[in-house]
Amino acid sequence: MKKKFVTSAQVAERAGVSRSAVSRTFTPGAYVSPEVREKVLLAAEEMGYRINRLAKSLLTSQSSLVAIVASNLSEPFIAAQIDALSAMLADRELQTLLLNIGARRDMTAMMNLVLEYRVKAVIILSGAPPEKLVEQCLQSQQCTILINREQASGIVDVILTDDRAGGRLAARHMIEGGCRRLAVVRGASDTPSQRRRAEGFMEAAAQEGLPVRHWLGGEGGYESGRTAARELLASSALDGVFCTTDRIGLGFLNTCSFDLGLDVPKDISIVGFDDIEEAGWPSHGLTTVRQPIVAMVDAVATILSSDAFGISGQTHIVPVELVVRQTTRPRVVVSQSPSKA
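Residues numbered from 1 in each chain as written. Predicted model: local features only at pLDDT ≥ 70, side-chain atom pairs only at ≥ 80, totals over all residues. Heavy atoms only, no water.

Draft legend 1. Focus on the overall build of the protein. Looking only at helices and strands, one finds 12 helices and 12 strands in the protein. Evaluated residue by residue, the protein yields a buried proportion of 46% over its 341 residues. Within the protein, contacts between residues separated by at least 24 positions form 70% of all contacts whose residues are at least 6 apart in sequence. (Helix = DSSP H or I, 4+ residues; strand = E, 2+ residues; numbered from the N terminus. Buried < 20%, exposed > 50% of the residue type's maximum accessible area, 1.4 Å probe, protein only. Contact = heavy atoms within 4.5 Å.)

Spelled out as structure tokens, the structure:
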């Protein structure tokens, strides 16, 4: 025989109180006398009673579930985002419903299932296509937050890392270190974030009159960096390479150092993007552009608590910063000859 869940009616009977008293006991802010509360909590503990939050959300039309839609969960930055977001939601007594779109072929059916839960919000992370997922949410009038991807129509809240500014920071830093033969490397997945970073880098280089080789290929991880290093450096003498993620940057760095015998940064400077934990390891010391996860999560929390959430879309721009480590040259200081008297 399959065991059945304990009901509030059974708890009320054991405690000798009404069902409404049980409901008030487990409703934050609702009044119940200390004596009744003690009886209900004791009976609930003895019987193993738990609130049916799904049923409660249907009655109140206020769900405590927040869906996070992501792909490439093994990527360090994605994993760090999910970890920080779920912790923030837990602090606000909200539950995380994680959707790995990489694990399902029928994404339309999966999203329909999520929307049937009537979640409080859907958070869609960068690199989680296709566009139809967003369209499904908007058509269902689902409150939606996009991280590092923009939406042309519909009421949606957007959080964007200042990717173009990050690309410009990387270019200026390398140029100030004396680099003149530049390249940018990104994955063939061609996410909006990586595209903006590459565009910012090339814009800053163009302002200095410097051409940039553009390599696009692979899935955008470590192996993309390895392949890019072998292909680019076999045909050209580069002295500065910007990789649009740290995983790509680490692949490029290790291939230069261990396979090609190059001295980094003497022979070539390398800059990544994200500032994942591995980038800061002493064995790597990768110069990178940091995406502040704390600021991104704070922006999500601000949106969720806003009275305008789901009514008028907001856009939050999260600033980035350059973290200089050992894979780039220091700034070149041009000495001036003393003027003649």
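Now that the structure has been shown, the text picks up again.
Draft legend 2. Inspection of the sheet that holds strand 11 (residues 315–318) at higher detail. Strand order in the open sheet formed by 6 strands is 2-1-3-4-5-11, and the pairing between neighbours is parallel. Each of the sheet's edge strands pairs with one partner strand only, and the pair in question is strand 2 (95–100) and strand 11. On average, each strand axis in the sheet is inclined to that of its neighbour by 15°, with strand direction left out of account. Sheet topology note: the strand 1 (residues 65–70)/strand 3 (residues 121–124) ladder contains 4 bridges and is parallel. In the sheet register, isoleucine 68 faces strand 3, and the bridge partner there is isoleucine 123. The sheet strands contacting helix 5 (residues 76–91) are strand 1, strand 2, strand 3 and strand 4 (144–147), and the helix crosses strand 1 at an angle near 175°. (Pairing = 2+ DSSP bridges. Axes fitted to C-alpha atoms, helices over the stretch in contact; angles between N-to-C directions.)

Draft legend 3. Quick peek at the packing of aromatic side chains. Inspection of the entire model under this criterion finds 3 aromatic pairs. Three or more aromatic residues joined by ring pairs make a cluster, and in this case those are Phe201, Phe242 and Phe273. Positioned above the aromatic ring of phenylalanine 273, the side-chain terminus of arginine 197 is 3.9 Å from the ring centre. (Phe/Tyr/Trp six-rings, centres within 6.5 Å; stacked < 30°, edge-to-face > 60°. Lys NZ or Arg CZ within 6 Å of the ring centre and 35° of its normal.)

Draft legend 4. Inspection of the pairing of strand 5 (residues 157–161) at higher detail. Of all 5 residues in strand 5, 5 are buried, a share of seventy percent or more. In strand 5, alternate side chains face the same way, and those of Asp157, Ile159 and Thr161 on one face and Val158 and Leu160 on the other are all buried. Across 3 bridges, the pairing between strand 4 and strand 5 is parallel. Looking at the pairing, leucine 146 lines up with valine 158 of strand 5.

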